[in-house]
There are 2 protein chains.
Amino acid sequence: MRLNGFTKHPKIVIIGGGFGGIELVKSLKKLDGEIILIDRHNYHTFQPLLYQVATGSLQAESIAFPLRKVFNDQKNLTYVYANVLNINSDSNTITTSDGEVSYDYLVLATGSDTNFFGNDQIKHYTMPMKNITEALNLRSMILQNFEAAFVEEDPEKKQALLNFVIVGGGPTGVELSGAIAEFRNHVLAKDYPEHKKEDVKVYLIEGKTELLAAMSPEASSHAKEDLKKMGVEISNDVHVKSYDGELLTIDNGQTIRTKTVIWAAGVKGELPAGFKPGSVTKTNRVQVDTINRVHGYQNIFAIGDAAAMITLETPMGHPGVAPVAIQQGKQLGENLLKIIKGQDTKPFIYKDKGSLATIGKNKAVADLGKIHLHGFIAWIIWIFVHLMSLVGFTNRLIVFLSWASSYLTYNGETRLIIRRFNTKEMKVDPDGN
Amino acid sequence: MRLNGFTKHPKIVIIGGGFGGIELVKSLKKLDGEIILIDRHNYHTFQPLLYQVATGSLQAESIAFPLRKVFNDQKNLTYVYANVLNINSDSNTITTSDGEVSYDYLVLATGSDTNFFGNDQIKHYTMPMKNITEALNLRSMILQNFEAAFVEEDPEKKQALLNFVIVGGGPTGVELSGAIAEFRNHVLAKDYPEHKKEDVKVYLIEGKTELLAAMSPEASSHAKEDLKKMGVEISNDVHVKSYDGELLTIDNGQTIRTKTVIWAAGVKGELPAGFKPGSVTKTNRVQVDTINRVHGYQNIFAIGDAAAMITLETPMGHPGVAPVAIQQGKQLGENLLKIIKGQDTKPFIYKDKGSLATIGKNKAVADLGKIHLHGFIAWIIWIFVHLMSLVGFTNRLIVFLSWASSYLTYNGETRLIIRRFNTKEMKVDPDGN
């Protein structure tokens with residue numbers, strides 16, 4: 001196994017090339033040793049724009065960037081395309097799909113995955129959207145359901161194909177329901193003149209009293225107001241009881257007959273096996289101290305969504321957002337260099353620069369410290385921040401052009417069913433094209 | 001079935017939204033009747049650039065364009081997303097995956113598919129590249145094999161992962177082998193510093209004496225010369241005998257141990273079932289007369305790759321290239337309008353405006369009537385012609401930008417494994433992401 005051939009020390013193994021992992025690698029540029037970055041994708045994903053891939057506004061490949069290319073100039077870094085299966089802390093190794101890798105220091109930057117809260121039926125029938133293939137599957141399903149509605153004669157079945165339910169009123173749920181409502185309001189008449197606008201329903205279901213509960217009350221109420229104006233039917237303070245692929249039941253007694261339920265109602269840490277039970281929280285994050293060291297381990301660290309830094313100020317850990325991962329990645333890199341030199345480390349303090357969520361064209365909400373913005377200005381800030389955070393100059397240009405074109409025409413060019421989705425198996429069709 | 005609900009006449013059903021189908025629909029804009037365009041993809045594919053998707057230079061979605069959007073303004077057109085299974089000429093209907101559709105006139109614009117010449121082993125183990133999903137599969141396989149070579153210790157197995165064989169020296173084979181050679185020559189050292197340039201082999205195997213046999217002798221010899229300079233090992237006058245997923249055997253006795261064989265050695269017409277045996281040629285095209293009417297039928301027509309218009313001047317039918325399909329589509333539209341009005345039709349005469357093939361950066365060949373160009377000028381013409389033929393303004397901009405970026409850096413951003421390819425099953429992994 002070539003993976004046993006890394007002999008330089010100190011050897012830092014990082015699992016995951018998301019926002020945190022990339023920042024950590026960069027911050028270790030001066031390490032006189034070896035960094036091994038392992039990811040099951042050969043690319044970094046810009047997750048905040050997945051919903052635009054899913055709703056046909058952006059090309060999938062413009063929000064992905066090859067990990068090898070990110071680090072073309074960093075000579076102490078080796079990328080490995082593999083799945084990590086197990087942490088073997090007794091032997092300081094990890095087991096991957098391509099064999100074992102040993103480490104001096106291990107960092108988990110594995111992010112999070114959709115949380116179905118143990119409900120297998122909901123896991124099977126609803127659509128998650130945490131990575132590029134899931135976003136492409138969701139896009140295929142939405143478009144296929146519009147096509148199926150066109151040839152469906154039974155009115156009840158047709159309506160089920162045109163009812164879109166989004167569960168979860170956080171940023172993902174708000175952005176998705178806004179994007180589907182815009183599709184209904186602006187694209188439908190052009191692409192599907194046979195469907196009437198009022199036949200297409202967009203439902204947003206949230207367990208808390210407000211949408212965007214992590215943002216300011218101003219942001220929450222503006223988001224709700226905007227979505228309502230766009231025709232989204234919002235239910236707060238309710239939970240999904242069951243969904244069998246046909247009928248969605250809510251705990252207030254309401255039922256919706258629908259073929260599309262998007263599950264954006266929760267996340268959990270994505271962890272390989274092998275951690276001591278006591279170090280993992282209920283939402284499957286590993287507990288870390290203030291320098292992101294995992295409880296109960298000397299040389300294992302975790303950053304971003306996979307980590308829960310529980311302190312008096314952050315009793316639930318930090319929010320699962322990109323800035324936390326980025327700041328933790330950067331600082332852990334600096335701390336690891338200090339640890340290696342035997343110097344004192346610096347505890348992590350999150351600098352919250354604010355939050356943003358977009359609802360539609362010219363519509364967004366922004367909390368920037370005590371300043372709360374909404375509407376066009378917030379939307380322009382959202383666009384600017386997202387363009388600047390994208391990895392890759394060509395990607396930035398392509399996303400900018402796609403947005404400019406959609407802005408002018410309300411009519412993008414990416415409503416493509418790239419691989420047919422089998423809506424019975426709830427998987428992409430491997431024989432399809 | 002809503003598909004039975006089309007009641008306007010004359011009703012023209014067109015199968016396939018490729019170059020020919022799109023042009024035909026446009027040319028029927030003035031039809032006072034109903035056009036139904038059926039395609040199993042909801043998008044038009046710009047096939048000439050598939051090889052750049054496969055080799056990681058272009059985003060898949062930038063060479064696809066939603067069919068509904070193409071015809072947003074053409075009110076006599078209805079698009080149907082379905083697979084056509086059978087032609088029932090006795091009842092003037094076709095059977096689709098969504099039910100039956102009746103027609104007054106039927107046009108096959110179904111294009112062509114890869115021809116494995118009945119060899120099931122070759123069909124299973126080699127990679128075709130005739131549509132977007134196949135191009136994405138090929139890209140995944142090439143990149144996965146580079147990744148697998150990195151962790152492979154056995155030198156023979158490693159070499160098999162780094163040997164790339166392209167079978168077929170037509171435009172597709174020439175363009176693919178040129179693109180893989182450029183990857184080897186320019187990207188490898190940046191992305192895979194552990195692989196040496198000379199370890200990666202690109203083989204091009206062609207049964208005829210020359211490459212690009214359909215072009216001028218000048219074009220053929222320039223292409224060969226350029227590819228040789230780029231390090232492609234070319235074998236002419238030989239045929240593949242067998243390939244079992246590990247060992248490729250050629251009929252001159254040579255064997256190559258390889259994990260990647262790309263099959264660009266032939267095409268055949270892609271036809272639904274139901275044609276009288278006598279109307280179909282050996283390469284599965286339907287024989288048509290000079291107005292593209294299928295032999296033995298009154299109201300069934302075929303254009304482009306699916307049709308073989310066999311005349312004294314074209315004893316093998318026309319070449320399977322986009323300009324033939326486009327010209328036939330346009331003229332058949334005009335002729336159908338005449339037939340409906342009871343007017344005389346006009347026989348089809350192909351206007352050959354020339355052929356182009358690109359080999360690499362600054363390297364292409366062009367036959368323009370009696371003028372034969374090669375090198376930079378031919379390459380600029382190739383770029384211009386392809387950009388202008390792409391459907392969609394944003395697509396054009398995106399492709400242009402991607403090319404400009406690759407031109408300046410030799411280092412695109414699209415080396416992405418979008419869905420892992422299972423190299424044992426030779427299918428995309430439906431559970432993967």
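Residues numbered from 1 in each chain as written. Chains lettered and ligands numbered in written order. Predicted model: local features only at pLDDT ≥ 70, side-chain atom pairs only at ≥ 80, totals over all residues.

1. Concerning the overall build of chain A
At step 1: Per the secondary structure count, chain A includes eleven helices and 26 strands.
At step 2: The globule rule puts the C-alpha radius of gyration for 433 residues at 22 Å, and the 22 Å found for chain A is close to it.
At step 3: Taken along its principal axes, the extent of the C-alpha atoms in chain A is 70 × 55 × 45 Å.
At step 4: Per-residue burial for chain A yields a buried fraction of 52% across its 433 residues.
At step 5: Of all intrachain contacts in chain A linking residues separated by at least 6 positions in sequence, the fraction that spans at least 24 positions is 64%. (Helix = DSSP H or I, 4+ residues; strand = E, 2+ residues; numbered from the N terminus. Rg over C-alpha atoms; globule rule 2.2 N^0.38 Å. Buried ≥ 20, exposed ≤ 12 C-beta atoms within 10 Å, placed from the backbone. Contact = placed C-beta atoms within 7 Å.)

2. Some thoughts on the packing of helix H11 (residues 393–409) of chain A against helix H11 (residues 393–409) of chain B
At step 1: Direction vectors running N to C along H11 of chain A and H11 of chain B enclose 165°, while the axes themselves pass 10 Å from each other. Relative to H11 of chain B, the element H11 of chain A lies roughly antiparallel. Where H11 of chain A crosses over H11 of chain B, the handedness of that crossing is right-handed. On H11 of chain B, the residues touching Thr394, Leu397, Ile398, Leu401, Ser402 and Ser405 of chain A of H11 of chain A are Thr394, Leu397, Ile398, Leu401, Ser402 and Ser405 of chain B. (Axes fitted to C-alpha atoms, helices over the stretch in contact; angles between N-to-C directions. Parallel < 35°, antiparallel > 145°, perpendicular 65-115°, else oblique. Left-handed = near helix turned anticlockwise from the far one by under 90°.)

3. A word on the nonpolar core
At step 1: Among the nonpolar cores identified, the biggest contains 266 residues, and Val107 of chain A together with Val107 of chain B are the most heavily contacted of them.
At step 2: In terms of residue count, the dominant contributor to this core is helix H5 (residues 132–151) of chain A (eleven residues).
At step 3: Setting aside residues up to four positions removed in sequence, Val107 of chain A forms contacts with Ile12, Ile14, Leu24, Phe301, Ala302, Ile303 and Leu332 of chain A. (Core = buried A, V, L, I, M, F, W, Y, C linked by C-beta atoms within 7 Å.)

4. Side note on the relation of the copies chain B and chain A
At step 1: Note on the identical chains: chain B maps onto chain A by a rotation of 180° and an axial translation of 0.0 Å, with an RMSD of 0.0 Å. This pairing of chains is accounted for by a two-fold axis. (Least-squares fit on C-alpha atoms with pLDDT ≥ 70 in both.)

5. Description of helix H6 (residues 155–162) of chain A
At step 1: For H6 of chain A, the set of buried residues is Ala160, Leu161 and Leu162 of chain A.
At step 2: Contact partners of the buried residues in H6 of chain A: H5, strand E11 (163–167), strand E12 (201–205) and strand E16 (255–257) of chain A.

6. Some remarks on the interface of chain B and chain A
Where interface size is given, it is often the accessible area lost as the parts come together that is meant.
At step 1: On the side of chain A, 52 residues touch chain B, which itself brings 52 residues to the contact.
At step 2: Per-class residue counts for the side of chain B that touches chain A are 20 nonpolar, 16 polar and 16 charged. (Nonpolar A, V, L, I, M, F, W, Y, C, P; charged D, E, K, R; others polar.)

7. Topic: the environment of Gln331 of chain B
Residues and elements named next belong to chain B.
At step 1: For Gln331, the position within the fold is in helix H9 (residues 322–341).
At step 2: C-alpha separation for the pair Gln331 and Thr345, spaced 14 residues apart in sequence, amounts to 9.5 Å.
At step 3: With sequence-adjacent residues up to four places away left out, Gln331 is seen in contact with Lys346 and Phe348.

8. Notes on the domain arrangement of chain A
At step 1: Here chain A is partitioned into domain 1 (2–40 + 82–114 + 268–341) and domain 2 (120–265 + 355–428).
At step 2: Each of domain 1 of chain A and domain 2 of chain A has a C-alpha centre, and the two are 32 Å apart. (Domains from an automatic or database assignment.)

9. Describing the pairing of strand E22 (residues 355–360) of chain A
Residue and element names in this part refer to chain A.
At step 1: Within E22, five of the six residues are buried, which leaves the element mostly enclosed by the surrounding structure.
At step 2: As defined by bridge partners, E22 adjoins strand E23 (residues 363–368) across five bridges and the pair is classed as antiparallel. Bridging from a neighbouring strand, Ser355 pairs with Asp367 of E23.
At step 3: Between E22 and E23, which pair antiparallel in sequence order, lie two residues; one of them, Asn362, sits at a positive phi of approximately 65°. (Pairing = 2+ DSSP bridges.)

10. A word on the environment of Val232 of chain B
Residues and elements named next belong to chain B.
At step 1: Note that Val232 resides in strand E13 (residues 232–235).
At step 2: Assessed through the 24 C-beta atoms surrounding it within 10 Å, Val232 is described here as buried.
At step 3: In sequence terms Val232 and Ser177 are 55 residues apart; their C-alpha atoms lie 7.0 Å from each other.
At step 4: Those residues in contact with Val232 that sit more than four places away from it in its chain are Ser177, Ala181, Val202, Leu204 and Leu227.

11. Digging into helix H1 (residues 19–27) of chain A
Along an α-helix, residues three or four positions apart point the same way, because every turn accommodates 3.6 residues.
At step 1: Summarising burial for H1 of chain A: seven of the nine residues are buried, a large majority.
At step 2: Taken as a whole, H1 of chain A has its buried residues at Phe19, Gly20, Gly21, Ile22, Glu23, Leu24 and Val25 of chain A.

12. Focus: unusual backbone geometry
All names here are of chain A.
At step 1: Going from His9 to Pro10, the amide bond is cis rather than trans, its omega being -5°.
At step 2: Here Pro10 shows up in the segment before strand E1 (11–15).
At step 3: You will see that Asn92, though not glycine, has its phi angle at about 55°, which is positive.
At step 4: Within the secondary structure, Asn92 is located in the loop between strand E6 (84–88) and strand E7 (93–96).
At step 5: Even without a glycine there, the phi angle at Met426 is positive, about 60°.
At step 6: With respect to the helices and strands, Met426 occurs in the loop between strand E25 (421–422) and strand E26 (427–428).
At step 7: Residue classification places Met426 among the partly exposed residues on the basis of 16 C-beta atoms within 10 Å.

13. Some points on the pairing of strand E1 (residues 11–15) of chain B
Residues and elements named next belong to chain B.
At step 1: Counting buried positions along E1 yields four of five residues, so the element is predominantly enclosed.
At step 2: Pairing between E1 and strand E2 (residues 34–39): five bridges, direction parallel. Within the sheet, the bridge partner assigned to Val13 lies in E2 and is Ile36.
At step 3: In terms of handedness, the path from E1 via helix H1 (residues 19–27) over to E2 forms a crossover that is right-handed. (Right-handed = clockwise from strand over helix to strand, strands pointing away.)

14. Here we look at the sheet that holds strand E6 (residues 84–88) of chain B
Residues and elements named next belong to chain B.
At step 1: Taken together, the three strands give an open sheet; going across it, the order is E6-E7-E8, and neighbouring strands pair in antiparallel fashion. Whereas interior strands pair on both sides, the edge strands pair on one side only; in this sheet they are E6 and strand E8 (99–102). On average, adjacent strands in this sheet sit at an angle of 25° to one another, irrespective of strand direction.
At step 2: With four bridges joining them, strand E7 (residues 93–96) and E8 adopt antiparallel strand pairing.

15. Examining the sheet that holds strand E17 (residues 260–263) of chain A
Residue and element names in this part refer to chain A.
At step 1: Taken in spatial order, the four strands of this open sheet run E13-E12-E11-E17, and their pairing is parallel. Since the sheet does not close on itself, it has two edges, and those belong to strand E13 (232–235) and E17, each with one partner. In this sheet, adjacent strand axes meet at a mean angle of 20° when their direction is disregarded.
At step 2: Pairing between E11 and E17: four bridges, direction parallel. Bridging from a neighbouring strand, Ile166 pairs with Ile262 of E17.
At step 3: Contacting E11, E12, E13 and E17, helix H7 (residues 171–191) runs over the sheet at an angle of about 170° to E12.

16. Comments concerning the confidence of the model for chain A
At step 1: Counting all residues, the mean pLDDT for chain A is 95, and 100% of those residues have values of 70 or more.
At step 2: Scored as a whole, the predicted complex attains pTM 0.97, and scored at its interfaces, ipTM 0.96. (pLDDT = per-residue confidence, 0-100.)

17. Some remarks on the environment of Leu138 of chain A
Residue and element names in this part refer to chain A.
At step 1: Note that Leu138 resides in helix H5.
At step 2: It is 15 Å that separates the C-alpha atoms of Leu138 and Ile122, two residues lying 16 residues apart in sequence.
At step 3: Beyond its immediate sequence surroundings of up to four residues, Leu138 is in contact with Ala54, Met127, Met129 and Ile262.

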